Amino acid sequence: MRHIMSPLDFTVEELDQLLDLANDIEANPAKYAHACEGKKIATLFYEPSTRTRLSFEAAMLNLGGSVLGFSSADSSSAAKGESVSDTIRIVSCYADICAMRHPKEGAPLVASMKSSIPVINAGDGGHQHPTQTLTDLLTIRSLKGRLDHITIGLCGDLKFGRTVHSLINALVRYPEVTFVLISPEELRIPDYIREDVLRKNNQKFKEVVRLEDALPELDLLYMTRVQKERFFNEEDYVRMKDFYILDKTKMELAKPDMLVLHPLPRVNEISVEVDDDPRAAYFKQVQYGVYVRMALILTLLEVKVC
Ligand code: CP
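Read on for a plain summary of the structure. For every chain, the first residue of its written sequence is number 1, and the numbers climb from 1 along that sequence. A pLDDT threshold of at least 70 governs which residues receive local features in this predicted model, and a stricter bar of 80 or more applies before side-chain atom pairs are shown or counted, although totals over entire chains, interfaces and linings include all residues. Excluding hydrogens and water, the side-chain values take into account all heavy atoms of the structure.

1. A look at the overall build of the chain
- Looking only at helices and strands, one finds 11 helices and nine strands in the chain.
- If you line up the chain on its principal axes, its C-alpha atoms span 55 × 45 × 40 Å.
- Working definition: with a 1.4 Å probe on protein chains only, accessible area under 20% of the residue-type maximum means buried, over 50% means exposed, and in between means partly exposed. Burial analysis of the chain (306 residues in total) assigns 55% to the buried set.
- Accessible areas in this description were obtained via Shrake-Rupley with a 1.4 Å probe; residue shielding takes into account the shown protein chains only. Carbon and sulfur atoms form 50% of the exposed surface of the chain, whose accessible area is close to 13,200 Å².
- Counted as positive: Lys and Arg. Counted as negative: Asp and Glu. His and the chain ends are not counted at all. Charged side chains are reduced to one point each, which is NZ for Lys, CZ for Arg, CG for Asp and CD for Glu. Side chains of the chain give 37 positive and 44 negative charges; the mean places of these two sets differ by 2 Å. A helix here means a DSSP run of H or I that spans at least four residues, while a strand means a run of E at least two residues long, and both kinds are numbered starting from the N terminus.

2. Some details on the pattern of salt bridges
- Salt bridges are defined as contacts in which a side-chain nitrogen from Lys or Arg sits within 4 Å of a carboxyl oxygen from Asp or Glu. Under the defined criterion, the tally for this structure stands at 20 salt bridges.
- Taken together, the shared-partner salt bridges connect Glu 185, Arg 188, Asp 191, Arg 194 and Glu 207 into one network.

3. Some remarks on the sheet that holds strand E4 (residues 119-124)
- Overall, parallel pairing links the four strands, which are arranged E2-E1-E3-E4 in an open sheet. The open sheet terminates on both sides in strands that have one partner only, identified here as strand E2 (66-70) and E4. The average angle at which neighbouring strand axes cross in this sheet is 15°, direction not considered.
- Pairing between strands requires that DSSP locate at least two bridges from one strand to the other. In the sheet, strand E3 (residues 97-102) pairs with E4 via four bridges, with the strands oriented parallel. Residue pairing for E4: Met 100 is matched across the bridge by Asn 121.
- Contacts are assigned to residue pairs with any non-hydrogen atoms lying within 4.5 Å of each other. Working convention: axes come from line fits to C-alpha atoms, limited for helices to the stretch in contact. Angles between N-to-C directions cover 0 to 180 degrees. Contacts from helix H2 (residues 51-62) reach strand E1 (40-45), E2, E3 and E4 within the one sheet, and its direction differs from that of E1 by about 175°.

4. Looking at the site of the ligand
- The local shell around the ligand consists of Ser 49, Thr 50, Arg 51, Thr 52, Arg 101, His 129, Gln 132, Pro 263 and Leu 264.
- Any N or O atom pair separated by 3.5 Å or less is treated as a polar contact, with the protein-specific requirement of one donor-capable and one acceptor-capable atom, and with residues adjacent in sequence counted only for side-chain atom pairs. Between Thr 52 and the ligand, the recorded distance is 2.6 Å, taken from a side-chain N or O atom to an oxygen atom.
- In this structure, an oxygen atom belonging to the ligand sits 2.8 Å away from a side-chain N or O atom of His 129.
- The classification used treats Ala, Val, Leu, Ile, Met, Phe, Trp, Tyr, Cys and Pro as nonpolar, Asp, Glu, Lys and Arg as charged, and all other residues, Gly among them, as polar. Grouping the amino acids of the shell around the ligand by side-chain chemistry returns two nonpolar, five polar and two charged. Being near a molecule or strand, for a residue, comes down to having at least one heavy atom within 4 Å of it.

5. What to know about the pairing of strand E6 (residues 177-182)
- By the criterion of burial, E6 is predominantly enclosed, with six of the six residues buried.
- Side chains of E6 alternate between two faces, with Val 177, Phe 179 and Leu 181 and Thr 178, Val 180 and Ile 182 buried alike.
- Relative to E6, strand E5 (residues 150-155) runs parallel, the two sharing six bridges. In the sheet register, Gly 153 faces E6, and the bridge partner there is Val 180.
- Pairing analysis gives five bridges linking E6 to strand E7 (residues 204-208), with the strands arranged parallel. Bridging across to E7, Leu 181 finds its partner in Glu 207.
- Crossover E6 to E7 through helix H7 (residues 191-199) is right-handed. By the criterion used throughout, a crossover qualifies as right-handed when its path from the first strand across the helix to the second strand runs clockwise, the strands pointing away from the viewer.

6. Comments concerning the pairing of E1
- Counted residue by residue, E1 has five buried out of six residues, so it is predominantly covered.
- With five bridges connecting them, E1 and E2 associate as parallel partners. Pairing of Ala 42 across the sheet is with Leu 68, part of E2.
- Sheet topology note: the E1/E3 ladder contains five bridges and is parallel. Considered in E3, the bridge of Phe 45 is made with Arg 101.

Any functional reading would require information beyond the geometric quantities listed.
This is how it looks when you write it as structure tokens:
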């Protein structure tokens, strides 16, 4: 039995196979429509979510399985003080696989140690969000045709944005990936990512403040929202929240084939006028999130479809 806590839990070869499977699901959805009949996924969400929870549920329903779970700590026995370890022991009796989101870093890992079903980290605090990374990798590979030889700009809240941390961890394993880290001083990438992931892997990267300076050289721009829920005071959040706004004028600085990605939800950091630009890929990214979660469920449940 296998759990997924980080994108690094898969080797590059396993990731390729997973992404190939996701592309096959996209091309042949009917082939997979009954693959998980009789199986159940539990979505245990102690933090709000639209995409991750609903895409896991859509993924299992698309595979012919069923779903159960909760969408807030308040609506579970966590509100009465039940621990994550006890909760997963209970859920292991009800479901075949589970996806857990929790505000505390490491909570899904703690759950996995007591679980008798595969546990998928669906986002733990400001730490990791591996299935968003699988979504991002599938989107980039499908729309750009490669995961190597790219210059990617990561823009916004690089301090608290767990999607950025997971994506950097995943992309350093591919050759010739250059990172342009675009953030205000206060929201720079954490030291452990800069030192232990980027420098340790001799990765090409630079840190800049102005989005306009970075845009012309990018193949991909990964925008992120300022993570309001991780700020200690409202005043700092208000000061930071509109630091970057990607609009039509800024898009004129970008390459004609640069793609704009965003894990969503968006607040103000991408103006809605950019949505009609053919380079805006963030809604396609959402659809890829369903295919890759279907592939992940099949892989972890060891279901083979011929
Ligand atoms: N991208 C993402 O994690 O979105 P949700 O918070 O809506 O799940």
